[in-house]
Amino acid sequence: MAYREHLKDNFSETRLIQRRLILSAVIVLILMFIVLGRLYVLQVVEHEHFSTLSNSNRVSLKALPPTRGLIYDRNGVVLADNLPAYRLEIIREQVSDIDDTIKHLSEYVEISDYAIKKYRQSSRRRRPYESVPLLLNLTDEELARLAVNLHKFEGVEINARLTRNYPLGKHAVHALGYVGRIDVKDLNQLDEADYAGTSYIGKLGLEKFYEDDLHGDVGFQRVEVNASGRTLRVLDESPPVSGHNLYLTIDSKLQQLAEDLFKDNRGSVVALDPNNGEVLALVSMPSFDPNLFVNGISFKNYSELRDSWKRPLFNRALTGQYPPGSTTKPFFGLAGLEYSVVGHKHTTYCGGYYLLPNEERKYRDWKKTGHGKTDLNKAITQSCDVYFYDLAYSLGIDRMSEFMKQFGFGSRTGIDSTGEQPGLMPSREWKRRARGMPWFPGETLITGIGQGALLVTPLQLASGTGALALKGTRFKPHLVKKIEYPGGIDDLNIKPEISGVYEVKKEINWQHVVKGMKNVVHGIRGTAHRIAKNLSYTIAGKTGTAQVFGIAQDEEYEEENVSKKLRDHALFMAFAPVENPLIAVAVIVENGGHGSSVAAPIARKIMDAYLLSNDLLAEKTEQEKKL
Amino acid sequence: MSLVMEGDQLSMSRRILDAFRLDPTLMLLLFILASFGLLVLFSAGGSNMDLMIRQLTRLGLATFLLVVVANISLRVLKKLSLGFYLGGLLLLVAVIAFGEIGKGAQRWLDLGFIRFQPSEFMKLAMPMMVASYLSDKVLPVGWKDLLVSAVLVLVPVLLIARQPDLGTSLLVGSAGFFVLFLAGVRWKIFMILGLLVSLMAPLLWKFALHDYQRGRILTMLNPENDPLGSGYHIIQSKIAIGSGGIYGKGWLNGTQSQLDFLPERSTDFIFAVFGEEFGFFGAVLLVFLYLLIIYRGLYIAAVSKDTYGRLLAGALSLTFFVYLFVNTGMVSGLLPVVGVPLPLVSYGGTSMVTLMVGFGMIMAIGSSKRFLR
């Protein structure tokens, strides 16, 4: 052994190295077979899997947002359309530091905290490499400043997108509603796939109620993208389908006229066609410009609207619940006749107040000196309270409530908009349930003159008036007349829907009531006689004055001494023409004082505009002649 | 045997090759591989002609150096070994003292006119030194020689690993190790060493590796843990290879590579481009070509009459294999991400020059049996 260690043996060294070389060759082969085996697994066995992954890398779905449906009035006047607006958008994947980028961008344009908040919200639900808007409506000046400096910002783009626009501004806003940016609350309710690429959603009113129709169907483009998200080519696409267009029952001219009639007053008007429930005007004043909301309203603007004591955001027509006052008298009058509690010739003596048996409290008439001997006709025409105290006492709250409900009071009309309130038709049972107290007879009396717990919305009052005009047939009020589908499908005409029928037991009963209502306007002593001047058609109406401010027993209400905010609400309900009703109107002027002086003239002008300028009267008479 | 071109028919080209002392078989195989490489690089680089011209220039320079080295006699080569090794060692120390930092590691030495990576130089100096030392000793290697060799290997390996450059230190270390292996270190010693390493592995894991190196190993084991971070390379590379299928998507049609999903696609991950565009079929062919080159090198080593030549040629061929194995293993997710290029295909100058000079040495060894017996 020792010998071998010190002597180089060339032959055995050669053998040794060659053996090791051969061994290496074998190991090399084995290791490369392992690599090839690995490749076999990747490329042959799992090929499908990786092929799918490769395609999902390469192919990206790009949403094509649909164009929102347009809204027209009944004559084709555009109420809501879409205009191109320039937006500042960010592709998150291409921006390294988002906070830094926003900070630098704000050197060129003002970026509110609200905009940043909204951006972060919508960022969360974006697809990879989808651009998300930061600012929605750039002014020309902002656009110019940004465009010049855009090269400094990677991943920031300016894109022209369609944005909702309301050409009439603050007109008809409470009929239309508005769209706004999608927020977290909306996200929880909508199908995100349908809203990919869309920034707006109906927030209120028709825009919300008909969201599904207006929105349309989102389209998709399959595009090939590279690793930095740039679109290289379009592989295929399914185009978006525009939303459906809506034709409203609203007559925008009538609507604007009604709004202008309010001047600085607050209140509401609902005018509808009693024969089908089509709402011709739906006014709540004051109003506001819905365009402010489309691109995200600034906090300052919003707090101004929200905090104004005039409450412009409040939709009085559907949401405002008012004591109807004397406008309920024709309904209770009809109830008295129908339940045979009184005959039309029955009289009550009115001495200025009414006393319940065994009670000291005086139930006052609005006329201190009293109306004297009063029958139904006089009671309606001159709005005698004592007559109706007595009638209410005889009817009892249960029958009053049962009757009024058949005219739609105390429940929602089911109009195709949002936020409608049911009003309140009190009853014995309601009081026990809601207040946990028994019903007092005095409450029956004040309900009889439309005060107390009784509350109605202007829409309910108009709808009830329409039902009275049609002898008890009540159509469901609606705002959409026709839905227009894109692409050659026939339009959908909305059919009138009857929501309730009260069968009048004796037609003569109804005629007596209507006669009283007609005399309100046409009678010399009618409370709304002042609007009868130069009237070429007939109106049946009823004024109302609703107390806002409680007065003590022996005090007197003096308009001058009560601050404007506490003055009575002025109401008027009417339909015309009496023989052949074409329009029913309810007017409420908040703190307007008397219904006769403020509310009735508004109704007259609306009826004039509708019946005379449209030549509806002439048409109708023509039709009847033919029949 | 196609690997051996011997006989009486001395063709014109054969005569020219002989005149330059080049091995015709190896030259042909290298030429095919380089052509293949340029083809893939053209695709991986996004049809960038500038890139191609730079790579061709390097290839030209590297081929020139191959021819020069092939004409150095084996005896001169052996005499140069010690000087090269010590010079290389000196440069490695210089890197630590004055080196430039690039990509988070200190690897480069700026000599003013050229930026130079001494660790690359060590890939050749290391097997030369160990082969030179052992070829004068009695084989198989005894304990004393083993110890000296181990020091010769470990000092530069640790210096390089410290830069940190795990890929190069692996290649340098294996070059030295292969010389020892071929020189006949006993199996018993290998087993003891193996046992020692596996016992020390947890300690090495904790103290010898950088955080990013540990991270790479963890990433290899489970790339899906961090798909957009460190796992991204491996995931995209596997997708590229796997989606290539049997026949591939076709040259210039690889979506993973052409659409930028694959990172480092013209350098370390170029094999993924190849796999995507040419499929399993192409990959088998490429691996076969590499194996031919390795086996030709091993054959030259086997038939060399000189122990120094045998050890050096064998070690260089096997180091070439380590490039191939580590790179393909890394790209296909078998091994952790280590910066080792696909030899002669990846874009980059330094490794190409080193490899071609190495083949120049193999050819010098091959021709020495005929001319310098």
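Since this is a predicted model, take the numbers as computed values, not measurements. (Residues numbered from 1 in each chain as written. Chains lettered and ligands numbered in written order. Predicted model: local features only at pLDDT ≥ 70, side-chain atom pairs only at ≥ 80, totals over all residues.)

**Student:** Mind showing me how you'd approach the overall build of chain A here?
**Tutor:** When you go through chain A residue by residue, the secondary structure sums to 24 helices and 23 strands. With 627 residues in all, chain A has 43% of them scored as buried. Here the contacts in chain A between residues at least 6 apart in sequence split such that 74% fall between residues at least 24 apart. (Helix = DSSP H or I, 4+ residues; strand = E, 2+ residues; numbered from the N terminus. Buried ≥ 20, exposed ≤ 12 C-beta atoms within 10 Å, placed from the backbone. Contact = placed C-beta atoms within 7 Å.)

**Student:** Where do I start with the overall build of chain B in this structure?
**Tutor:** A count of helices and strands for chain B gives 14 helices and 3 strands. Relative to its 373 residues, chain B shows a buried fraction of 50%. Long-range contacts, defined as pairs at least 24 residues apart, comprise 71% of the intrachain contacts of chain B with a sequence gap of at least 6.

**Student:** I tried to follow the sheet that holds strand β9 (residues 231-238) of chain A on my own but got confused; where do I start?
**Tutor:** Hydrogen bonding along the main chain pairs the strands of a sheet, whether they run parallel or antiparallel. All names here are of chain A. With respect to topology, 3 strands assemble into an open sheet ordered β1-β8-β9, the strand pairing being antiparallel. Looking at strand neighbours, the two that pair on one side only are β1 (59-64) and β9, the edges of this open sheet. Neighbour-to-neighbour, the strand axes of this sheet turn through a mean angle of 30 degrees, independent of strand direction. Bridging between strand β8 (residues 219-225) and β9 involves 6 bridges; their strand directions are antiparallel. Counterpart to Gln221 in the pairing with β9 is Glu237. (Pairing = 2+ DSSP bridges. Axes fitted to C-alpha atoms, helices over the stretch in contact; angles between N-to-C directions.)

**Student:** What should I look at first to understand the nonpolar core in this one?
**Tutor:** Where a protein is soluble and globular, its nonpolar side chains tend to be buried together. Residues Ala271(A), Ile583(A), Val585(A), Val587(A), Ala599(A) and Ile606(A) are the most contacted members of the largest nonpolar core, which totals 124 residues. There are two domains that each give this core at least three residues, and those are domain 1 (62-216) and domain 2 (253-287 + 316-626) of chain A. When neighbours within four sequence positions are excluded, Ile583(A) is seen to be in contact with Ala271(A), Asp273(A), Leu280(A), Phe575(A), Ala576(A), Met607(A), Tyr610(A) and Leu611(A). Core analysis: the next-biggest nonpolar cluster, separate from the first, contains 116 residues, Val35(A), Ala70(B), Ala315(B) and Leu318(B) among them. (Core = buried A, V, L, I, M, F, W, Y, C linked by C-beta atoms within 7 Å. Domains from an automatic or database assignment.)

**Student:** I'm lost on helix α22 (residues 507-522) of chain A in this one. Help?
**Tutor:** Given 3.6 residues to a turn, an α-helix orients residues that are three or four positions apart in the same direction. Residue and element names in this part refer to chain A. In this model, α22 (16 residues) spans 22 Å end to end at C-alpha, consistent with the 22 Å of a helix rising 1.5 Å per residue. Counting buried residues along α22, 12 of its 16 residues qualify, which places the element largely inside the surrounding structure. For α22, the set of buried residues is Asn509, Trp510, His512, Val513, Val514, Gly516, Met517, Lys518, Asn519, Val520, Val521 and His522. Among the structural elements, α15 (329-338), α16 (376-381) and β21 (540-546) are those in contact with the buried residues of α22. (Expected span 1.5 Å × (residues − 1).)

**Student:** In this structure, what is going on with the pairing of strand β23 (residues 583-589) of chain A? I would like to understand it.
**Tutor:** In regular strands, side chains alternate between the two faces of the sheet. All names here are of chain A. Extensive coverage of β23 is indicated by the burial of 7 of its 7 residues. Residues of β23 alternate between two faces, with Ile583, Val585, Val587 and Val589 on one and Ala584, Ala586 and Ile588 on the opposite face, all of them buried. With 6 bridges joining them, strand β11 (residues 267-273) and β23 adopt antiparallel strand pairing. What sits directly across from Val269, in β23, is Val587. Of the strand pairs in this sheet, strand β22 (residues 569-576) and β23 are connected by 7 bridges, and their pairing is antiparallel. Note on β23: the bridge partner recorded for Ala574 is Val585.

**Student:** What is the right way to read the interface of chain A and chain B from this model?
**Tutor:** By a frequent convention, interface size equals the accessible area lost on bringing the separate parts together. Taken together, the contacts link 35 residues of chain A with 43 residues of chain B. For the side of chain A that touches chain B, the elements supplying multiple residues, two or more each, are α1 (2-6), α2 (10-45) and α3 (47-58) of chain A. The biggest single contributor to the side of chain A that touches chain B is α2(A), with 19 residues. The residue makeup of the side of chain A that touches chain B, split by class, is 17 nonpolar, 11 polar and 7 charged. (Nonpolar A, V, L, I, M, F, W, Y, C, P; charged D, E, K, R; others polar.)

**Student:** Help me understand the environment of Gly358(B) in this model?
**Tutor:** For Gly358(B), the location among the structural elements is in helix α14 (residues 349-371). The contacts of Gly358(B), once residues within four sequence positions are left out, are Leu124(B) and Leu316(B).

**Student:** Explanation requested: the sheet that holds β23(A) in the structure shown.
**Tutor:** Residues and elements named next belong to chain A. Spatial ordering of the open sheet is given by β12-β11-β23-β22-β21, a layout of 5 strands whose pairing is antiparallel. Looking at the sheet topology across the chains shown, the edges are occupied by β12 (278-285) and β21. Recorded for the sheet is a direction-independent mean angle of 5 degrees between the axes of neighbouring strands. On the sheet, helix α21 (residues 458-469) packs against β11, β22 and β23 and is oriented at approximately 145 degrees with respect to β23.

**Student:** Would you take a moment to explain the pairing of strand β10 (residues 245-248) of chain A for this structure?
**Tutor:** Residue and element names in this part refer to chain A. Side chains Asn245 and Tyr247 project from β10 onto one buried face, and the interleaved Leu246 and Leu248 project onto a second face that is buried too. Judged from the 2 bridges that link them, strand β2 (residues 71-72) and β10 form a sheet pairing that is parallel. Within β10, the position partnered with Tyr72 by the bridge is Tyr247. With 4 bridges connecting them, β10 and strand β18 (residues 480-484) associate as antiparallel partners.

**Student:** Looking at this structure, how should I read the environment of Gly248(B)?
**Tutor:** Residue and element names in this part refer to chain B. Tracing the chain through its elements places Gly248 in the loop between α10 (232-244) and α11 (255-258). Of the residues examined, Gly248 has 22 C-beta atoms within 10 Å and is grouped as buried. What Gly248 contacts, discounting residues up to four positions off in sequence, is Glu276, Glu277, Phe278, Gly279 and Gly282.

**Student:** Please clarify how helix α18 (residues 397-405) of chain A should be interpreted in this entry.
**Tutor:** Residue and element names in this part refer to chain A. Those residues of α18 that fall on the buried side of the exposure criterion are Ile397, Met400, Ser401, Phe403 and Met404. Down the axis of α18, the sector holding all buried residues measures 165 degrees, keeping them to one side. Close packing links the buried residues of α18 with α15, α17 (385-395), α19 (428-434) and α20 (441-448). (Arc of directions from axis to C-beta.)

**Student:** Sorry, what's going on with the confidence of the model for chain A here?
**Tutor:** It should be kept in mind that the predicted coordinates are not to be read in detail where pLDDT is low. Averaged over every residue, the pLDDT of chain A is 87; residues scoring 70 or more account for 93%. Across residues 1-5 of chain A the pLDDT falls below 50, and counting only partners more than four positions away or on other chains, this stretch makes 2 contacts in the model. (pLDDT = per-residue confidence, 0-100.)

**Student:** Would you mind going over the packing of helix α2 (residues 24-44) of chain B against helix α3 (residues 49-70) of chain B with me for this structure?
**Tutor:** All names here are of chain B. The contact between α2 and α3 brings their axes to 10 Å, and the two run at 160 degrees. As judged from the angle between their axes, α2 and α3 are roughly antiparallel. Judged by the twist between their axes, the crossing of α2 over α3 is right-handed. Along its contact with α2, which presents Ala34, Leu38, Leu41 and Phe42, the element α3 presents Leu51, Met52, Gln55 and Leu59. (Parallel < 35°, antiparallel > 145°, perpendicular 65-115°, else oblique. Left-handed = near helix turned anticlockwise from the far one by under 90°.)

**Student:** Looking at this structure, how should I read the environment of Ser368(B)?
**Tutor:** Inspection of the secondary structure puts Ser368(B) in helix α14. Along the primary structure Ser368(B) and Ile72(B) are separated by 296 residues, whereas in three dimensions their C-alpha atoms are 9.6 Å apart.

**Student:** Can you help me understand the confidence of the model for chain B in this one?
**Tutor:** Taken over all residues, the pLDDT of chain B has a mean of 85, while the share at 70 or more is 88%. Mean pLDDT in chain B bottoms out at strand β1 (residues 100-102) of chain B, which sits at 62, and peaks at helix α12 (residues 270-303) of chain B, which reaches 95.

**Student:** Quick question: what am I supposed to make of unusual backbone geometry here?
**Tutor:** Glycine aside, the phi torsion of most residues is negative, and most peptide linkages are trans. Note that the residue after Met285(A), namely Pro286(A), is joined by a cis bond; omega there is -5 degrees. The phi dihedral of Lys471(A) falls on the positive side, at around 60 degrees, and the residue is not glycine. Summarising the element assignment, Lys471(A) is placed in the loop between α21 and β17 (473-475). A count of 17 C-beta atoms within 10 Å places Lys471(A) in the partly exposed class. The backbone phi angle of Leu252(B) is positive, close to 70 degrees, even though this residue is not glycine. Residue placement: Leu252(B) occurs in the loop between α10 and α11.

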